[in-house]
Amino acid sequence: MAERTPVPPSAVRRPDAAHPLAGQLTERRLEAVAEESISPGISTAPADLVEDLEVIGAPRRTRSSSGAFPDARSRRRYRLVLVLLIVLALGFGAGLLAVDNPMPTGSRGFWLIAEMRATSLVVMAVVAFCQAVATITFMTVTGNRIITPSIMGFESLYTVIQTGAVYLLGVAGVVALQGTGQFLLQVAVMVGFSVLLYGWLLRGRYANIQVMLLVGIIIGGGMGAVSTFMQRLLTPSEFDVLTARLFGSVQNASAEYLPFAIPLVLGAGVLIWLNARQLNVISLGRDVCINVGVDHGRQTIYMLVLVSILMAVSTALVGPMTFFGFLVATLTFQLAGTHDHRLLLPVGVLTGFVVLAGAYFVMNHLFAAQGVVSIIIELVGGSVFLLVIMRRGRL
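These remarks concern the structure in this document. (Residues numbered from 1 in each chain as written. Predicted model: local features only at pLDDT ≥ 70, side-chain atom pairs only at ≥ 80, totals over all residues. Heavy atoms only, no water.)

**Topic: the overall build of the protein chain**
- Across its full length, the protein chain carries 16 helices and 0 strands.
- Relative to its 395 residues, the protein chain shows a buried fraction of 41%.
- Taking the intrachain contacts of the protein chain between residues at least 6 apart in sequence as the baseline, contacts between residues at least 24 apart amount to 77%.
- For the protein chain, the computed accessible surface area is about 22,700 Å², with 64% contributed by carbon and sulfur atoms. (Helix = DSSP H or I, 4+ residues; strand = E, 2+ residues; numbered from the N terminus. Buried < 20%, exposed > 50% of the residue type's maximum accessible area, 1.4 Å probe, protein only. Contact = heavy atoms within 4.5 Å. Areas by Shrake-Rupley, 256 points an atom, 1.4 Å probe, with all protein chains shown as cover.)

Structural data, given as structure tokens:
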């Protein structure tokens, strides 16, 4: 066997002798590790990290929230607005029942008059519910806070029905349109018209909600022209009777309509509220809906059908109120301060009732002008509409 040549000890390179500074670097590295081991522990928990940043003087940044409110202040503001609206609603409701009641308070005659006034109060609540929920939902589905369900021709269809009855039957046509059967027929015609329109324009490969709105405007304008033509052929007495029906007023409603109107309204409103989370997603746009697995087309048609039920009941009950829904929805978005529809809808209903009941209370008991309430509401709503358009500078 070959003998191994012994390696001299000087030829063996030790790690600490590989470089003249290796030993110093190793000692410094060991000292650094020792210092880290005895230094106080630093936690990466969010609360501890905030405290550490405050100690070193770093600016503290408010953490964003994915909930209904961005911070606790907005949550407190929402609760305060909700309480204030409830107090105003109760105050105006009690005022409409008790103020200027000619009978002694607490007497049988007092309660009889209050019961008669309670019918108008219930009608106001139903109309406020319909207009607020329908308009907020419609604005969310269409992605536009300017257009309202009135753009789809509900008021024009109501005007055609009323004008056609007077044109064909004379003054007796107004009487013929009274009664539960005629009320349900008007609601069915309006809902059927809207369902056909939605099913035609929102189904298929080239479904487009903008085209649907444009077609709705054109159809509404056409029905308005037909109504105007028939109105010009009426006698002055027939035209006066018809004009009284074409102004939205609580006096147009009858107590016999309420047992049918209230279940329809509550059913549609509850279904919309139960789908409030889907509305939150729809408000983010079609692409987001598709990404999170929400059927945008189906949900849109479903919501618009419920909106048509609410608008049909409101219009058939009291008549057209074009800008009332827009006014209520605009105030709701400003007061609520949240995007969550589970919180927006209650504020909208209370706001609508406060606006409607407050307007009737002020005009009836302070100015003794009962017939101009709807005109004042439409004037204020139209002014707010123009203000919003001019402030934004675009539709």
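After that view of the structure, there is still more to cover.
**Quick word on a nonpolar patch on the surface**
- There is a patch of nonpolar side chains on the surface, built from Tyr167, Leu168, Leu169, Phe229 and Leu233 and spanning about 560 Å² of accessible area.
- Broken down by element, the nonpolar patch gets its largest block of residues, 3 residues, from helix α5 (residues 154-169).
- Tracing the chain through its elements places Leu168 in helix α5.
- Relative accessible area serves as the criterion here: at 67%, Leu168 is assigned to the exposed category. (Patch = residues over 30% accessible without salt bridge, like charges linked within 9 Å, V, L, I, M, F, W, Y side chains within 5 Å. Salt bridge = Lys/Arg side-chain N within 4 Å of Asp/Glu carboxyl O.)

**A word on helix α7 (residues 180-201)**
- In a regular helix each residue adds 1.5 Å, so 22 residues correspond to 32 Å; α7 covers 32 Å between its end C-alpha atoms and thus fits that length.
- Every buried residue belonging to α7 is among Thr180, Phe183, Gln186, Val187, Met190, Val191, Phe193, Ser194, Leu197, Tyr198 and Leu201, and all of these are buried.
- Residues of α7 that are buried sit in contact with α5, α8 (209-232), α10 (258-274) and α13 (296-318). (Expected span 1.5 Å × (residues − 1).)

**Some points on the nonpolar core**
- In terms of nonpolar packing, the biggest core is built from 89 residues, with Met124, Met212, Leu310 and Leu317 touching the most fellow members.
- Of the residues forming this core, the biggest block, 15 residues, is contributed by helix α4 (residues 108-142).
- Among residues more than four places away in sequence, those in contact with Leu317 are Val123, Val126, Val127, Phe183, Asn252, Ala253 and Tyr257. (Core = buried A, V, L, I, M, F, W, Y, C linked by side-chain atoms within 4.5 Å.)

**Overview of the packing of aromatic side chains**
- For the coordinates displayed, the defined rule picks out 2 aromatic pairs.
- Residues Phe92 and Phe361 carry aromatic rings whose centres are separated by 6.0 Å and whose planes lie at 50° to one another, so their mutual orientation is tilted. With Phe92 in helix α3 (residues 72-98) and Phe361 in helix α15 (residues 341-365), the pair connects residues that are 269 residues apart, well separated along the chain.
- Centroid distance Phe183 to Tyr257: 4.7 Å. Interplanar angle 5°. Geometry classified as stacked. Taken together, the residues Phe183 in helix α7 and Tyr257 in the loop between α9 (236-246) and α10 connect sequence positions 74 residues apart. As far as the burial class goes, Phe183 and Tyr257 line up, both buried.
- Directly above the ring of Phe333 sits Arg145, whose terminal nitrogen or CZ lies 3.8 Å from the centroid. (Phe/Tyr/Trp six-rings, centres within 6.5 Å; stacked < 30°, edge-to-face > 60°. Lys NZ or Arg CZ within 6 Å of the ring centre and 35° of its normal.)

**Details of the pattern of salt bridges**
- According to the stated counting rule, one finds 1 salt bridge in the structure shown.
- In this structure, Arg342 engages Asp340 in a salt bridge whose closest nitrogen and oxygen atoms are separated by 2.8 Å.
- With relative accessibility at 30%, the residue Arg342 sits in the partly exposed group.

**A look at the environment of Phe193**
- The residue Phe193 is located in helix α7 in this model.
- Setting aside chain neighbours within four positions, we find Phe193 in contact with Met152, Leu157, Ile219 and Met223.

**Some remarks on the side chain of Thr338**
- For Thr338, the location among the structural elements is in the loop between α14 (324-336) and α15.
- Of the polar contacts made by the side chain of Thr338, one reaches the backbone nitrogen of Asp340; its length is 3.2 Å.
- Sequence-distant contacts of Thr338, that is, excluding residues within four places in its chain, are made with Ala68, Phe69, Leu343 and Leu344. (Polar contact = N/O pair within 3.5 Å; in protein donor to acceptor, adjacent residues only side chain to side chain.)

**What to know about a positive patch on the surface**
- Where like charges cluster on the molecular surface, the positive patch consists of Arg73, Arg75, Arg76, Arg77 and Arg79.
- With respect to the element layout, Arg73 can be found in helix α3. (Lys, Arg positive; Asp, Glu negative; His and termini not counted. Charge placed at Lys NZ, Arg CZ, Asp CG, Glu CD.)

**Looking at the packing of α3 against α4**
- Put simply, α3 and α4 touch, their axes get as near as 8 Å, and they point 135° apart. Judged by the inter-axis angle, α3 sits oblique to α4. For the element pair α3 and α4, the recorded crossing hand is right-handed. Contacts between α3 and α4 pair Gly93, Leu96, Leu97 and Ala98 from the former with Phe110, Ala114, Arg117, Ala118, Leu121 and Met124 from the latter.
- Here the residues of the contact of α3 with α4 sort into 8 nonpolar, 1 polar and 1 charged. (Axes fitted to C-alpha atoms, helices over the stretch in contact; angles between N-to-C directions. Parallel < 35°, antiparallel > 145°, perpendicular 65-115°, else oblique. Left-handed = near helix turned anticlockwise from the far one by under 90°. Nonpolar A, V, L, I, M, F, W, Y, C, P; charged D, E, K, R; others polar.)

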